[in-house]
Amino acid sequence: MSTEHEAPAGPGAGTRLLVVEHEADCPPGWMGEWLSGAGAQLDVRRPYRGDTLPATLDDHDGMVVLGGSMGPDDDAAYPWLGGVRDLIRGAARHATPVLGICLGHQLAAVALGGVVHRNPLGKQIGTPPIGWLPAAAQDRLLGPLTTARVGVQWNQDVVHEMPAGARVLARTERMEIQAAWFGSRVWGVQWHPEAGAGIVRRWVEDNRDAARETELDLPAALGQIEAAEAELRTTWQPLATGFAGLCRREARW
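These figures come from a predicted structure and were not determined experimentally.

A.B. asks: Just checking my understanding: could you explain the packing of aromatic side chains for this structure?
C.D. replies: Applying the stated criterion across every chain, the model contains 5 aromatic pairs. Judged by centre distance (5.7 Å) and plane angle (85 degrees), the rings of Trp132 and Trp191 are edge-to-face. Of the two residues, Trp132 sits in strand β8 (residues 131-132) while Trp191 sits in the loop between β13 (186-189) and α4 (197-206), which places them 59 residues apart along the sequence. Each member of the pair Trp132 and Trp191 is classed as buried. With a centroid separation of 5.6 Å and an interplanar angle of 55 degrees, the aromatic rings of Trp154 and Trp203 are classed as tilted. Of the two residues, Trp154 is situated in strand β9 (residues 153-155) and Trp203 in helix α4; the sequence distance between them amounts to 49 residues. A relative accessible area of 8% places Trp154 in the buried class. With a relative accessible area of 5%, Trp203 lands in the buried category.

Rules used throughout
- Residues numbered from 1 in each chain as written.
- Predicted model: local features only at pLDDT ≥ 70, side-chain atom pairs only at ≥ 80, totals over all residues.
- Heavy atoms only, no water.
- Phe/Tyr/Trp six-rings, centres within 6.5 Å; stacked < 30°, edge-to-face > 60°.
- Helix = DSSP H or I, 4+ residues; strand = E, 2+ residues; numbered from the N terminus.
- Buried < 20%, exposed > 50% of the residue type's maximum accessible area, 1.4 Å probe, protein only.

Quick look at the structure:
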């Protein structure tokens, strides 16, 4: 069963967005709050709880694909992932806007012909700087956000090969891909614009044992996020507002 969030009038008024949530610890968070505040109606599907995904996005003006601890091709354990990739491919064909976040970013890459693998440099956590590239300045969605300095990173997989024709928009100092335009109206960000300290605390609790084995300093990462929380909210709300407005404009064409 899906969850509908009615929204007030705003830049995205009249816009209906499909939001795919892969697990309870990766909810829409701030993005849900901001998209609804921009006037978008959110159709949140939770396939891990038995929700079905639509076969197409014909009844939606855009899609947001959230994060999760699984890999983008872990279909055996998470059988809905293939359906998400199909929706992304269909969206690309029909120029329906898509925003992928972390796992969603990786699913978009794989769906459109790219390759994702485990990061050989290790897990990324905390608030590393965003390394915007010159191509980002002209991007329709992310161009207005290139003054943003930090985002919440929490991932161990990365996009290794981009789909044909796609553009990298940001990289870390270690050269991992942080943001991309995947073609048509499909974007992905490896960081978590939806996540504040409240969500990240859950991830810290879930990963304490693994962190001891790998010597990750999770309390320090959480401290970075807590310290940056006000900046993170101010920085990434325009991403939600811009995406809602983009979906609204596309629906009119």
